[in-house]
Amino acid sequence: MSEYSLPQCHAIVVSADNDWRDSLCQRLSELEARGEEENRCCELRVSGLASPDLLVEQARLDGALQCVVLDAASLSDVETTVSQLRSVRSEVDVFIAVPSGQTPADDNAELVDRDDTRAEILLRRLRRAIAKRASTPFADTLREYVEGARDAWHTPGHSSGDGLRESPWVADFYRMMGEHVFNADLSVSVQELDSLLDPSHVIHAAQDLAADAFGAKHTFFVTNGTSMANKVIVQHVLGDRGKMLVDQACHKSVHHAAIMSGVDPIYLPASVNETFGLYGPVSKKTIYDAIDAHPDARLLVLTSCSYDGFYYDLAPIIARAHAAGMKVLVDEAWYAHGYFHPDLRPCALESGADYVTQSTHKMLSAFSQASMIHVADPQFNESRFREHLNMHTSTSPQYGLIASLDVARKQMSMEGFTRLDRCIAYGRELRSGIADTGRFRVLELADMLPDPLQDDAVRLDPTKLTIDVSRAGCTARDLQKALYKKHSIQVEKITHNTLSVLVTLGTTQSKVLRLLNALRTLAREIPEKPIRSQAPSVLPTIGDIVTRPREAYFGPSEDAPLSDDSHGVNKALIGRISADQVVPYPPGIPVLVPGQRISEDVLDYLLDLYHGDSGIELHGLMRHDGRAMLRVVASTDG
């Protein structure tokens, strides 16, 4: 007997023909009750509905729903019913029972001959559809290989962990990580596990299933994170040089892509909520104006949703970019879950994006560094794209990461709706419970949204909670430390007066209760007194780009001190050209990029942060003999 019980699945037959529907449901249920089929992946319950009106409501309530059979002979508008169902549950398999010779318009539904519907055949087809989505071609093959206990005469050198297991020095690491971490760390020499560089069987099949699950035409697994994925797409679309419009608040990998591919970036200023130090999307007006001003740009890059949960109204923006002949890349690193719950849709692919990158590990169940690239570009050149991808991909990928992508896709396809429904409910519970402390509150969209975006139809991801600690009686950093040291709770990030926590598939009721209890306890323990938590200076807009970033970064350069001998701004830097990217973290948005002319307000901002006690790190600043230094393009004087 299996260690685990089979998952419970539900199939609904929708028909206004009571006799046909009831007879079919009865026969399917009788066959299922016999349990004659071997290697079943689930227990299937079958029920009927007389009208499609209740189907969408049922789909929202029943996470076990996996298949629907629609009777085209008795229902007036099957295509509309399918569309409404898929707007709520995109993953559910749809079968359409049609009279002989009739063909409905929906190419993605499976057809059943209504006049010759044998329950035995239909049940097999229902089960086959569920089993296909529940399959993990790569993960299963990896498991079978590991369970075969082959002797390894190939890389990696630890040889299934044998190099560590008996060592008096490092056996503790082997025990901590576990046997199968090493057993599953294999070499490209194992041909039955396919090649990530040129997949032809199990990885290819796993990627095809992922494309179906996430609504893409093509999906590619990435084991170097979304950082690599963004660089690949910029290189693929723009090649050597070209112009792209890019959100200033994009991930630093996009800025790195500008350097590596020699492109000309046009930076669009991020909006800011100064009260809480939160940076939001670029306003629609700014994007539209940039599209009109740069008709030669070939790529628009946006981040949606942001670290704090801001999500663009993408469809009109993408349509405007397409009308101008631009491709659109949406960095959905923080929104891989968006397609699997109606409250989170539409996602970028549904809104028309050509390329979407997702950090499958951030909000789903994949290992760190495991990401996906989804493609919907109608002019997509797969062979050319794969060459770009292989320039960045390791020839020795970690097979555990690939397997985790396969499994994460399966989980979202089979139970993503149910899990996300639970996440959203946990979010509501946390909002209410945190407000009850009287000292903390979870910010709503109206609190967080920068003023220029009030009419832009921006949404907020309910799984990302930003907690206002202005009335806590201590700084956000002190509260972060108290949660960690006293209650063993690690939050995602902080600003000067907020804490951010993520509600993910791994959130449990016990974790929710522990967080609420910790905040209630701290609300009682911390003296209620005003705390002056000064907001950091507003991030300056990226200034004039006067040299192509690639040329500034790789060209002759020199180091110059940020401050003068009296610890003020080094005026000699004003007007010089930055050769490096300088990024305050948080928020992780560059204030200087290679090729940018340095202004006095940027220097004031950096010097304030450098001498302040905000806890903000300054990535890209160098330190020589205790002094902060900037790398600038070498002077041509003299």
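Nothing here was measured: the structure is a model prediction, and the numbers come from that model.

Student: Honestly, the pairing of strand E20 (residues 498-502) in this entry has me stumped. Any pointers?
Tutor: Along any regular strand the residues' side chains alternate between the sheet's two faces. Buried residues dominate E20, accounting for four of its five residues. In this structure, strand E19 (residues 493-494) lies alongside E20, joined through two bridges in antiparallel fashion. In the strand pairing of E20, Lys493 is matched with Ser500. Between the antiparallel neighbours E19 and E20 lie three residues.

Student: Is there a simple way to explain the layout of surface pockets in this structure?
Tutor: Any space left empty among the atoms is revealed by the rolling of a water-sized probe across them. Quantified by volume, the second largest pocket comes out at close to 1,100 Å³. Lining the second largest pocket are 37 residues, with Thr136, Ala139, Arg143, Val407 and Lys410 positioned closest to its centre. When contributions to the lining of the second largest pocket are tallied by element, the ones reaching two or more residues are strand E1 (8-14), helix H4 (119-134), helix H5 (137-147), helix H8 (179-183) and helix H16 (399-435). If you tally residues by element for the lining of the second largest pocket, the top one is H16, at twelve residues. A per-class count over the lining of the second largest pocket returns 18 nonpolar, twelve polar and seven charged.

Student: Sorry if this is basic, but what is going on with the packing of helix H12 (residues 284-293) against helix H13 (residues 314-323) here?
Tutor: In helix packing, the relevant descriptors are the interaxial angle and the interaxial distance, both defined with respect to the helix axes. Running from N to C, H12 and H13 point in directions that differ by 5 degrees, and their axes come no closer than 10 Å. By the angle class used here, H12 and H13 are roughly parallel. Here Lys284, Ile287, Tyr288, Ile291 and Asp292 of H12 come into contact with H13, specifically with Pro316, Ile317, Arg320 and Ala321. In terms of residue class, the contact of H12 with H13 is made up of six nonpolar, no polar and three charged.

Student: What should I look at first to understand the packing of aromatic side chains in this one?
Tutor: Geometry of an aromatic ring pair is reported as the spacing of the ring centres plus the angle between the planes. By the definition in use, this model includes twelve aromatic pairs. Pairing Tyr174 with Phe182 gives two aromatic rings, centres 5.3 Å apart and planes at 20 degrees, and the pair type is stacked. Take Tyr174 and Phe182: they sit in the same class, and that class is buried. The ring of Trp20 has Arg114 lying over it, and the distance from NZ or CZ to the ring centre is 4.7 Å. Sitting over the face of the ring of Tyr553, Arg631 holds its NZ or CZ atom 5.2 Å from the ring centroid.

Student: When you look at the nonpolar core in this model, what are you seeing that I'm missing?
Tutor: Nonpolar side chains tend to gather and get buried jointly when the protein is soluble and globular. Formed by 95 residues in total, the largest nonpolar core has its most connected members in Phe138, Leu142, Ile287, Leu300, Phe440 and Ile467. Examining the composition of this core, we find that twelve residues originate from one element, H16, more than from any other. Those residues in contact with Ile287, other than ones at most four positions away along the chain, are Leu268, Val282, Leu300, Leu302, Tyr312 and Ile317. In this structure, Ala229, Val232, Ile233 and Ile542 belong to the second largest nonpolar core, which totals 28 residues.

Student: Help me understand the pattern of salt bridges, please; the structure alone is not making it clear to me.
Tutor: Any two side chains of opposite charge can pair, given that their charged atoms come close. Taken as a whole, this structure holds 34 salt bridges when the rule is applied. In this structure, Arg114 engages Asp17 in a salt bridge whose closest nitrogen and oxygen atoms are separated by 3.0 Å. With Arg114 in the loop between strand E5 (110-113) and H4 and Asp17 in the loop between E1 and helix H1 (18-34), this residue pair connects regions lying 97 residues apart in the sequence. Notably, a salt bridge pairs Arg320 with Asp292, separated by 3.1 Å at the nearest N-O pair. On the criterion of sequence distance, the pair formed by Arg320 in helix H13 and Asp292 in helix H12 is long-range, its members being 28 residues apart. Taken together, the shared-partner salt bridges in this structure form one network comprising Arg241, Asp264, Arg548 and Glu551.

About the criteria used
- Residues numbered from 1 in each chain as written.
- Predicted model: local features only at pLDDT ≥ 70, side-chain atom pairs only at ≥ 80, totals over all residues.
- Heavy atoms only, no water.
- Buried < 20%, exposed > 50% of the residue type's maximum accessible area, 1.4 Å probe, protein only.
- Helix = DSSP H or I, 4+ residues; strand = E, 2+ residues; numbered from the N terminus.
- Pairing = 2+ DSSP bridges.
- 1 Å grid on protein atoms, 1.4 Å probe; cavity = no way out; pocket = protein on both sides within 12 Å on 5 of 7 lines; lining within 4 Å.
- Points joined across faces, edges and corners; volume = space filled by probe spheres on them.
- Nonpolar A, V, L, I, M, F, W, Y, C, P; charged D, E, K, R; others polar.
- Axes fitted to C-alpha atoms, helices over the stretch in contact; angles between N-to-C directions.
- Parallel < 35°, antiparallel > 145°, perpendicular 65-115°, else oblique.
- Contact = heavy atoms within 4.5 Å.
- Phe/Tyr/Trp six-rings, centres within 6.5 Å; stacked < 30°, edge-to-face > 60°.
- Lys NZ or Arg CZ within 6 Å of the ring centre and 35° of its normal.
- Core = buried A, V, L, I, M, F, W, Y, C linked by side-chain atoms within 4.5 Å.
- Salt bridge = Lys/Arg side-chain N within 4 Å of Asp/Glu carboxyl O.

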